[in-house]
Amino acid sequence: MPILGQNQYGKSENRVVRITRDGATHHIKDLNVSVALSGDMEEVHYSGSNANVLPTDTTKNTVYAFAKEHGIESAEQFGIHLARHFVSSQEPIRTARIRVEEYSWERIETPGEDGHSFVRQGQETRLAQITYDGSSWEVVSGLKDLTVMNSTNSEFWGYVKDKYTTLPEAYDRILATEVSSRWRFNWTDDAQEAPDWEESYAQVKKHMLGAFADTYSLSLQQTLYAMGTRIIENRAEIDEVRFSLPNKHHFLVDLEPFGLKNDNEVYFAADRPYGLIEATVLRDGVEPRIPVDLTNL
């Protein structure tokens with residue numbers, strides 16, 4: 001007889017917007033929350049009995065109720081509240097995994113004291129995944145769709161060449177990528193002091209961008225390692241950083257047919273095909289836990 005393997009269920013992509021009113025000044029937290037629960041769920045698969053099943057509609061309602069009851073201090077803390085609730089309140093549930101996307105809004109400054117107008121920021125989407133099994137936590141934060149560019153201080157030469165190689169060596173090129181990254185915290189149980197999730201995110205992004213800007217790059221791989229190293233060396237609460245960096249190629253346009261010299265001024269931005277550079281940077285002595293394929297996280 002076939003045996004049931006790993007299984008989980010829940011409600012995905014619950015969009016919740018929480019407005020906090022501080023007099024005339026308002027604050028926005030805009031999240032997309034997905035809940036996945038696992039545990040003693042074999043019977044519902046084998047016989048269809050729902051005796052151990054908390055409806056996915058209930059998990060959706062919990063997201064909205066918790067936005068009111070607990071507020072949304074950060075994506076990570078909101079996920080921690082939810083995960084703890086599902087595992088502690090339902091005996092059949094052994095593990096809860098909460099995934100959160102956060103969309104940022106910037107206040108539109110206006111005359112007077114009102115502060116209730118916002119414009120959606122388009123830089124990146126903040127990410128968090130919180131997993132709880134009743135005794136230990138795993139918190140992985142991250143971001144995606146953060147596009148960055150260096151217009152110089154990047155080279156690419158000295159690479160392997162064979163009969164199919166046509167790419168000319170570059171001693172001054174544009175280096176651009178769209179950063180997708182996840183980082184894992186070493187906070188694992190309630191006995192430890194939890195990080196300041198908001199400050200940690202801001203500092204990780206700052207070090208990531210700083211390393212990208214400061215590194216004279218001979219390869220995107222070198223830049224990736226510099227970004228991860230800067231984070232590990234400066235953020236003691238983080239043990240592991242994973243990057244997926246597509247190389248957003250910019251090729252010099254041949255202007256000679258028009259009698260013009262292109263002195264590294266006019267480029268064609270190609271969206272595909274693209275090189276894809278991926279790697280993990282770890283604190284010494286730490287085992288990797290972030291999945292290699294970030295599309296599954």
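So, here is what we can say about the structure in this document. (Residues numbered from 1 in each chain as written. Predicted model: local features only at pLDDT ≥ 70, side-chain atom pairs only at ≥ 80, totals over all residues. Heavy atoms only, no water.)

## What to know about the packing of helix α4 (residues 197–214) against helix α5 (residues 220–234)
For any two helices packed against each other, the geometry is given by the interaxial angle and the distance between the axes.
Part 1 of the argument: The interhelical angle for the contact between α4 and α5, taken along N-to-C directions, is 140 degrees, at an axis separation of 8 Å. Judged by the angle between their axes, α4 and α5 are oblique. Crossing handedness for the pair α4 and α5: right-handed. Two secondary-structure elements touch here, α4 through Val 204, His 207, Met 208, Gly 210, Ala 211, Phe 212 and Asp 214 and α5 through Thr 223, Ala 226, Met 227, Arg 230, Ile 231 and Asn 234. (Axes fitted to C-alpha atoms, helices over the stretch in contact; angles between N-to-C directions. Helix = DSSP H or I, 4+ residues; strand = E, 2+ residues; numbered from the N terminus. Parallel < 35°, antiparallel > 145°, perpendicular 65-115°, else oblique. Left-handed = near helix turned anticlockwise from the far one by under 90°. Contact = heavy atoms within 4.5 Å.)

## Examining the side chain of Ser 154
Part 1 of the argument: Mapped onto the secondary structure, Ser 154 falls in the loop between β7 (137–150) and β8 (175–185).
Part 2 of the argument: For Ser 154, a relative accessible area of 1% translates into the label buried. (Buried < 20%, exposed > 50% of the residue type's maximum accessible area, 1.4 Å probe, protein only.)

## Here we look at a nonpolar patch on the surface
Part 1 of the argument: Taken together, the side chains of Trp 157, Tyr 171, Tyr 216 and Leu 218 present a nonpolar region at the surface, about 440 Å² in accessible area.
Part 2 of the argument: Position of Tyr 216 relative to the elements: it lies in the loop between α4 and α5.
Part 3 of the argument: With relative accessibility at 41%, the residue Tyr 216 sits in the partly exposed group. (Patch = residues over 30% accessible without salt bridge, like charges linked within 9 Å, V, L, I, M, F, W, Y side chains within 5 Å. Areas by Shrake-Rupley, 256 points an atom, 1.4 Å probe, with all protein chains shown as cover. Salt bridge = Lys/Arg side-chain N within 4 Å of Asp/Glu carboxyl O.)

## Section: the packing of aromatic side chains
Part 1 of the argument: Applying the stated criterion across every chain yields a total of 7 aromatic pairs.
Part 2 of the argument: Their ring planes at 35 degrees and their centres at 5.9 Å tell us that Trp 183 and Tyr 201 sit as a pair that is tilted. Placement of the pair is Trp 183 in strand β8 and Tyr 201 in helix α4, with a sequence separation of 18 residues. Each member of the pair, Trp 183 as well as Tyr 201, carries the same accessibility label: buried.
Part 3 of the argument: The interplanar angle of 80 degrees and the centroid separation of 4.9 Å between the aromatic rings of Phe 185 and Trp 197 together place this pair among those described as edge-to-face. Of this pair, Phe 185 sits in strand β8 while Trp 197 sits in helix α4, and the two are 12 residues apart along the sequence. For the residue pair Phe 185 and Trp 197, the accessibility class agrees, reading buried in each case.
Part 4 of the argument: The rings of Tyr 132, Trp 137, Phe 185, Trp 187 and Trp 197 are connected pair by pair, giving a single aromatic cluster.
Part 5 of the argument: Over the face of the ring belonging to Tyr 132 we find Arg 84, whose NZ or CZ atom lies 6.0 Å from the ring centre.
Part 6 of the argument: In this structure, Lys 161 is placed above the aromatic ring of Tyr 159, and the distance from its NZ or CZ to the ring centre is 4.6 Å. (Phe/Tyr/Trp six-rings, centres within 6.5 Å; stacked < 30°, edge-to-face > 60°. Lys NZ or Arg CZ within 6 Å of the ring centre and 35° of its normal.)

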